[in-house]
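Given next are the chains, with one letter for each unit.
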Amino acid sequence: MTAADAYAELIRRSKELGVLNSCAAVLSWDQHTYMPRNGAGLRGEQMAFLASLSHQKFTDPKNNELLSTIEGSDLAKDPEADATANVREIRRAYDRATKIPASLVDELARVTTAAQQAWEHAKKANHFATFRPHLERIVELKRQEADAVGYKDHRYNALIEEYEPGTTVAELKELFAGLTKQLVPLIQKVADSPKKPDRSILEREFPVDRQKLFAESAAASLGFNFAAGRLDTTAHPFCSGFGPGDCRITTRYNPRFFSEAFFGVMHETGHALYEQNLPAEHFGTPLGVACSFGIHESQSRLWENQVGRGRPFWQHFFPRLQQAFPAALADVSLDAFHFAINDVKPSLIRVEADEATYNLHIALRFELELALLSGDLTVVDLPDAWNTRFTSLFGLTVPDDARGCLQDIHWSFGGLGYFPTYTLGNLYAAQFMAAAKHQLGAEILADDMRRGDFGRLKEWLVKNIHRNGQRYRAGELCRRATGSPLSPESFVQYLNEKCAEFHGVC
Ligand code: ZN
């Protein structure tokens, strides 16, 4: 078989798997939105069947032969060629999928299913001991997974690889150290400032039907294509891109808190714009898939925070918001509203944190995950370690484990290595936005937003980020789009400017 024939066959197989996996995505979306309760049993069987079929097709040794044939040829040598990126990423995923023994995959599935239930109970009852043996088992199994996959320097590197290929513990440590050093004093300055926003204006009566209309119109203005997507309601918001022409987002509405649904929709719309603008012709292959979790998160946070908490955005939308909610906002000024949605304040819960303190929550989790995997920290000592470190980062005392180390679902599903991608998303978002402003003109972009026109910014993202799929790893994509490697600089500068805008002291 020639290398060209091998590549054609590899792509055919990859696209077939893309279709198969998109079927599972539709079923999963339905499960979280409209499936009746009694459908859970059958849905479980359907999902398990598709997952095992997909795994079996992907780990077929024939794929290894095809990859080897291509790798031994000139076909995948040109760094700019489609084949190079597709072969590199299919090889990475194939090796990972085949190096982890089936028995370990089965056990992880079994252990994490039980652990998620135990975690829910433990969190509700504020009882860490209920979750502890499950987490101990998960840490042990994740160590085995890292050993099976192989790694350099730190087991954690094998786990990050699943979410952020090419990123290492060493890089993350440096990013977090630089970031924390600058964030802690910045957050302190805000805390010491006598100027405080009135958050209560966001906690007035916001009728849900009007919130829905307002959020939909904002999503459409950003460029979300409702002919190729939907917005529905779920307990936990998410975005699921099935493939070309169909991307679903969800949110949840709180009639007494405006920010929850609105910024949730902005966030998921950011994810969705990425999915809707991946190159359709590459669907099912790495070139048609988002670059990494961190880059995906950069797109959601760019629209949610960099755009959606900015003044130009609300110069356009605030009068419309007042029209939609006259009872709540008739007596509120744009300044007061803008300040309220940008409040920075240390708090206990990650998912409720503002964009500045958010990253300290992640720094904490990253440190603890590293220590758990290396064995420097045992699961028994986790609550104490959490509480001590939390106080040193936030200056707050953790009142209980439910609001401490039990607050997140991630460890219960085995997602060690996942958390850093949230902060990478914040940093990439700031660096992309700074580059877009530099290249397109900051005032031109601000003027666009004041008119409710986001086309120019969106096109920049489509060209520099979305259309590339997995052509480059995240670090390289960042260098190409912004001219420099990822650093906390743009993000810290962005926060300092905001701080100066509201407090005049930073
Ligand atoms: Zn997200």
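Rules used in this analysis
- Residue numbering note: each chain is counted from 1, following its sequence as written.
- This being a predicted model, a pLDDT of at least 70 is required before a residue's local features are given, and a value of 80 or more before pairs of side-chain atoms are given or counted; all residues contribute to the totals for chains, interfaces and linings.
- Calculation of side-chain values draws on the structure's entire complement of heavy atoms; hydrogens and water are dropped beforehand.
- Three exposure classes are used, based on accessible area relative to the maximum for each residue type with a 1.4 Å probe and protein chains only: buried under 20%, partly exposed in between, and exposed over 50%.
- Put simply, DSSP marks the helices as runs of H or I at least four residues long and the strands as runs of E at least two long, and each gets a number from the N terminus on.
- When DSSP finds two or more bridges between a pair of strands, those strands are recorded as paired.
- All axes are obtained by fitting lines to C-alpha atoms, using only the stretch in contact for helices, and the reported angles, taken between N-to-C directions, cover 0 to 180 degrees.
- Crossings are assigned a handedness: left-handed for a near helix turned anticlockwise from the far helix by less than a right angle, right-handed for a clockwise turn.
- Contacts between residues were defined by any pair of non-hydrogen atoms, one from each residue, lying within 4.5 Å.
- In the scheme used here, Gly and all other residues not listed as nonpolar or charged are polar, with Ala, Val, Leu, Ile, Met, Phe, Trp, Tyr, Cys and Pro taken as nonpolar and Asp, Glu, Lys and Arg as charged.
- Donors, by definition, are the N, O and S atoms found within 2.8 Å of a metal, the threshold being 3.2 Å for Na, K and Ca, and water is not counted, so a site can look incomplete.
- Note on terminology: angles under 35 degrees are roughly parallel, angles over 145 are roughly antiparallel, angles of 65 to 115 are roughly perpendicular, and the others are oblique.
- For this analysis, a salt bridge means a side-chain nitrogen from Lys or Arg found within 4 Å of a carboxyl oxygen belonging to Asp or Glu.
- Domain borders in the structure are assigned automatically or taken from a domain database.
- Here the buried area means the combined drop in accessible surface, using a 1.4 Å probe, for two parts upon being joined, counting both sides.

Quick notes on the pairing of strand 3 (residues 246–251)
In step 1: For strand 3, the buried fraction is high: five of the six residues fall into the buried class.
In step 2: Relative to strand 3, strand 1 (residues 229–233) is paired through five bridges, and the arrangement is parallel. Pairing of Leu231 across the sheet is with Ile249, part of strand 3.

Describing the packing of helix 8 (residues 169–192) against helix 17 (residues 420–440)
In step 1: At a minimum axis separation of 12 Å, helix 8 and helix 17 run at an interaxial angle of 65 degrees. Of the two elements, helix 8 crosses helix 17, and the hand of that crossing is left-handed. Contacts between helix 8 and helix 17 pair Leu172, Leu175, Phe176 and Leu179 from the former with Pro420, Thr423, Leu424 and Leu427 from the latter.
In step 2: The class makeup of the residues in the contact of helix 8 with helix 17 is seven nonpolar, one polar and no charged.

Regarding the side chain of Thr269
In step 1: With respect to the helices and strands, the residue Thr269 is situated in helix 10 (residues 258–276).
In step 2: On the basis of relative accessibility, which here comes to 0%, the residue Thr269 falls in the buried class.
In step 3: Discounting chain neighbours no more than four positions away, the residues touching Thr269 are Ala219, Leu222, Phe224 and Ile249.

Some details on the coordination of the zinc ion
In step 1: The coordination sphere of the zinc ion, as far as protein atoms go, consists of His267 (NE2), His271 (NE2) and Glu297 (OE), spread over 2.1 to 2.3 Å.
In step 2: For the zinc ion, the donor residues sit on a single chain with the sequence spacing H-x3-H-x25-E. Of this pair, His267 and His271 are both found in helix 10, four residues apart, which corresponds to roughly one turn of the helix. One exposure class covers both His267 and His271, and it is buried.

Here's the deal with the packing of helix 8 against helix 21 (residues 489–503)
In step 1: Between helix 8 and helix 21, the shortest axis-to-axis distance is 11 Å and the interhelical angle comes to 5 degrees. Accordingly, the angle class assigned to the pair helix 8 and helix 21 is roughly parallel. Residues Leu179, Gln182, Leu183, Leu186 and Val190 of helix 8 touch helix 21, and the partners they reach there are Phe491, Val492, Leu495, Asn496, Cys499 and His503.
In step 2: Among the residues forming the contact of helix 8 with helix 21, the class breakdown is eight nonpolar, three polar and no charged.

Digging into the pattern of salt bridges
In step 1: Across all of its chains, the model carries 45 salt bridges by this definition.
In step 2: A salt bridge links Arg13 to Glu9; the nearest nitrogen and oxygen atoms lie 2.9 Å apart. A residue pair is termed a helical-turn pair when its members lie 3 or 4 positions apart in one helix, as Arg13 and Glu9 do in helix 1 (residues 3–33) at four residues.
In step 3: Because the salt bridges share partners, they merge into one network encompassing Glu9, Arg12, Arg13, Glu16, Lys57 and Asp60.

As for the domain arrangement of the protein
In step 1: Parsing the protein into structural domains produces domain 1 (3–150) and domain 2 (169–503).
In step 2: Between the C-alpha centres of domain 1 and domain 2 there is a distance of 26 Å.
In step 3: Each partner contributes to the interface: domain 1 provides 38 residues, whereas domain 2 provides 41 residues.
In step 4: With both chains or domains summed, domain 1 and domain 2 bury close to 3500 Å², and 62% of this area falls on carbon and sulfur atoms.
In step 5: A per-residue breakdown of the area domain 1 buries against domain 2 is headed by Trp29, Trp119 and Phe128, which together make up 19% of the total.
In step 6: Linking domain 1 with domain 2 are three salt bridges, by the criterion used here.

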